[in-house]
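# Coordinates in review
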Amino acid sequence: MRIDVLTLFPEMFSPLNESILGRAVESGKLEIFVHDIRDYSLNKHKKTDDYPFGGGAGMVLTPQPIADCITAVDPEHKARRIYMSPKGRIFNQKFVPEYVSYDRLLFLCGHYEGIDQRILDLFIDEELSIGDFVLTGGEIPAMAVIDCVSRYIDGVISSDSLCQESFSDNLLEYPQYTRPQEFMGLKVPDVLVSGNHAEVDKWRLEKSIEITREKRPDLIENNPIVAEYEEKKRKKEARKRRRAKKE
């Protein structure tokens, strides 16, 4: 996949060259190009903002530099063009397969009071938000979405890791432990060192449901995995009661 980012502050995207995404870029599984909108300004001072028509606080990014940058980067409109904005639909895990299906993504990062509406009308496919709050610009939201989506590109992360994490089954992830087996008086649960993989899987599912019910009860409702687990649990308890009566 190729990802293009249009921003006034390209240096903010240096974290994308580190860790897992950095290795994915080095191996050729992922391409990330960061473009400075200022480079496309026709103003002799490379000015990219101006006062809003109608008055109001702050500055608005002017259309010319952004339009020329998009046209240069994606002349045939092959990329899915996304503007990071608090007015957009709120991104979450269920949208990841949709974005992974594109060969190219283009992220436009606004700043200050936003961008000229005509850019959205003429060049942008969708607006996207990461939550009901406002930041100084679209750079951090764009990085968050890029990080999330890139993890699901083939070969970036092992498929096992992707299947066993928060939201993979609309549940939060179970607790994780590593060596040492005891730390500051707290021990790793016995089941995790028992070698019984069936019991480990059972414990992990129980803990995922327990944590999700406590922290995100909205994810529990109509969850088929939870419904199946609780049905099996009810049947098991019913069998125990029947055996106890016979005894």
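This text follows the structure it describes.
A short tour of the structure in this document, coming up. (Residues numbered from 1 in each chain as written. Predicted model: local features only at pLDDT ≥ 70, side-chain atom pairs only at ≥ 80, totals over all residues. Heavy atoms only, no water.)

Let's shift gears to helix H5 (residues 139-150). With 12 residues, H5 extends 16 Å between its outermost C-alpha atoms, agreeing within 8% with the 16 Å of an ideal straight helix rising 1.5 Å per residue. In terms of burial, H5 is a largely internal element, nine of the 12 residues being buried. Among all positions in H5, only Glu139, Pro141, Ala142, Met143, Val145, Ile146, Cys148, Val149 and Ser150 are buried. (Helix = DSSP H or I, 4+ residues; strand = E, 2+ residues; numbered from the N terminus. Expected span 1.5 Å × (residues − 1). Buried < 20%, exposed > 50% of the residue type's maximum accessible area, 1.4 Å probe, protein only.)

What follows concerns helix H8 (residues 224-246). Spanning 23 residues, H8 covers 33 Å between terminal C-alpha atoms, matching the ideal 33 Å at 1.5 Å per step. Along H8, the residues classified as buried are Val226, Tyr229 and Ala238. Next to the buried residues of H8 lie helix H7 (197-215). By the N-cap criterion, in which a side-chain oxygen at the helix start approaches the backbone nitrogen of a residue two or three places on, H8 is capped by asparagine 223, the distance to isoleucine 225 being 3.0 Å. (Contact = heavy atoms within 4.5 Å. Polar contact = N/O pair within 3.5 Å; in protein donor to acceptor, adjacent residues only side chain to side chain.)

We now examine the layout of surface pockets. Roughly 390 Å³ of volume is contained in the largest pocket. Along the wall of the largest pocket there are 24 residues; nearest its centre are Tyr83, Met84, Ser85, Pro86 and Val134. In terms of residues, the lining of the largest pocket owes the most to one element, strand E5 (residues 80-90), which gives five residues. Counted as a void, the second largest pocket has a volume near 300 Å³. Taken together, the residues of the lining of the second largest pocket break down into nine nonpolar, six polar and two charged. (1 Å grid on protein atoms, 1.4 Å probe; cavity = no way out; pocket = protein on both sides within 12 Å on 5 of 7 lines; lining within 4 Å. Points joined across faces, edges and corners; volume = space filled by probe spheres on them. Nonpolar A, V, L, I, M, F, W, Y, C, P; charged D, E, K, R; others polar.)

Counting buried positions over the six residues of strand E6 (residues 104-109) gives six, a clear majority of the element. The alternating pattern of E6 places Arg104, Leu106 and Leu108 on one face and Leu105, Phe107 and Cys109 on the opposite face, and all of these are buried. Pairing of strand E1 (residues 2-7) with E6 involves five bridges; the strand directions are parallel. Each residue of the ladder has a partner; that of arginine 2, found in E6, is arginine 104. Alignment of E5 against E6, held across five bridges, turns out to be parallel. Residue pairing across strands places arginine 81 opposite leucine 106, the latter belonging to E6. (Pairing = 2+ DSSP bridges.)

Here the focus is the nonpolar core. Core analysis: the biggest nonpolar cluster contains 29 residues, and Ile3, Leu30, Phe91, Tyr99, Leu105 and Phe107 have the highest contact counts within it. Taken together, the elements giving at least two residues each to this core come down to E1, helix H1 (19-26), E5, helix H3 (96-100), E6 and H5. Sorting elements by how many residues they give to this core places H5 first, with six residues. Discounting chain neighbours no more than four positions away, the residues touching phenylalanine 107 are Ile3, Asp4, Val5, Leu6, Ile82, Met84, Ala142, Val145 and Ile146. Grouped together as the second largest cluster of nonpolar side chains are 19 residues, Ile37, Leu61, Ala79 and Leu120 included. (Core = buried A, V, L, I, M, F, W, Y, C linked by side-chain atoms within 4.5 Å.)

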